[in-house]
Amino acid sequence: MYWGVLLATFFIFTQPVLASMNKCQDDEGKFHYYANIMPSECQNKTTVEMNKRGVVIRTHTAEFKEAPEIDPAQQAADEQLRLEAKRRDAVLLNTYTSEEEINWALDRNIHPIELAIAGIEKRLEIATSQLKNLQQQANNAKQSGNPALSSIQKDIMPVRRDVAQLQNELKKNHERIDQLKEKFAADKKRFRALKQQEL
């Protein structure tokens, strides 16, 4: 019984000693030893596991992730975009000295379009009124059996085309104004960021 207890006690106290030991070599050639927690110097390094006598049990080879291949064409395209963005920033800073100047530039660009819109709206109003009158005449002629119906219907066709064309021009000019507002808003936001970087 005594020898059994002694042997069990000996086994318990010698377990830490029997635990395996690991070692690795860092980039400077220095060896690091550890039992449980791997030190940072051993990260991504080949480690050797040894028994208490220093005999190598196994080797854990570090897994190196291959760097992704760089596509020269994509790299060139990315560099071109970077240079273009840098050029736009330089133009922005050389063109304006304040956000207020950007607002003035927007107004100058929009003004002629607004004048064009006013002219189109006036012409559209006239063409729409003319079309309405012709359609009314056509309805009256149809109801009364007037032989002038055919002539009136021919007159309607070009006026209807004019109305459609003017409506299309009006839509495109409003879209141009929206695009200009978006562009100048982006320019103003970028200008503000560039000025903050200078501080």
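Up top you'll find the structure we're talking about.
Residues numbered from 1 in each chain as written. Predicted model: local features only at pLDDT ≥ 70, side-chain atom pairs only at ≥ 80, totals over all residues. Heavy atoms only, no water.

## Quick look at the side chain of His32
Right, on to step 1. Here His32 shows up in strand 2 (residues 31–34).
Right, on to step 2. Side-chain polar atoms of His32 contact the side chain of Asp26, separated by 2.8 Å.
Right, on to step 3. Apart from residues lying up to four places away in sequence, His32 is in contact with Asn22, Lys23, Cys24, Asp26, Pro39, Glu41 and Cys42. (Helix = DSSP H or I, 4+ residues; strand = E, 2+ residues; numbered from the N terminus. Polar contact = N/O pair within 3.5 Å; in protein donor to acceptor, adjacent residues only side chain to side chain. Contact = heavy atoms within 4.5 Å.)

## A few points about the packing of aromatic side chains
Right, on to step 1. What the rule picks out here adds up to zero aromatic pairs.
Right, on to step 2. Here the guanidinium or amino end of Lys183 rests over the ring plane of Phe184, the centre of that ring lying 4.8 Å away. (Phe/Tyr/Trp six-rings, centres within 6.5 Å; stacked < 30°, edge-to-face > 60°. Lys NZ or Arg CZ within 6 Å of the ring centre and 35° of its normal.)

## Side note on the pattern of salt bridges
Right, on to step 1. Summed over the entire model, instances satisfying the criterion amount to nine salt bridges.
Right, on to step 2. A salt bridge links Arg88 to Glu84, with the shortest nitrogen-to-oxygen separation between them at 3.8 Å. Here Arg88 pairs with Glu84, and both are found in helix 3 (residues 72–95), just four residues apart, close to one helical turn.
Right, on to step 3. Its relative accessible area of 46% is what places Arg88 among the partly exposed residues.
Right, on to step 4. A relative accessible area of 28% places Glu84 in the partly exposed class.
Right, on to step 5. Of the charged contacts, one joins Arg192 and Glu99 as a salt bridge, the two residues approaching to 2.9 Å between their closest N and O atoms. Residue Arg192 is found in helix 5 (residues 149–198), and its partner Glu99 is found in helix 4 (residues 99–144); the two are separated by 93 residues along the sequence.
Right, on to step 6. A relative accessible area of 35% places Arg192 in the partly exposed class.
Right, on to step 7. Residue classification places Glu99 among the partly exposed residues on the basis of a relative accessible area of 26%.
Right, on to step 8. Among the ionic contacts, a cluster of salt bridges with common partners joins Glu84, Arg87 and Arg88. (Salt bridge = Lys/Arg side-chain N within 4 Å of Asp/Glu carboxyl O. Buried < 20%, exposed > 50% of the residue type's maximum accessible area, 1.4 Å probe, protein only.)

## Thoughts on the environment of Leu166
Right, on to step 1. Residue position: Leu166 is located in helix 5.
Right, on to step 2. On the basis of relative accessible area, Leu166 is assigned to the buried category, the value being 5%.
Right, on to step 3. As a C-alpha pair, Leu166 and Glu121 span 45 residues in sequence and 7.9 Å in three-dimensional space.
Right, on to step 4. Discounting residues that sit within four places of it in the chain, Leu166 has contacts with Ile120, Arg123, Leu124 and Ala127.

Just distances and angles here, no functional claims.
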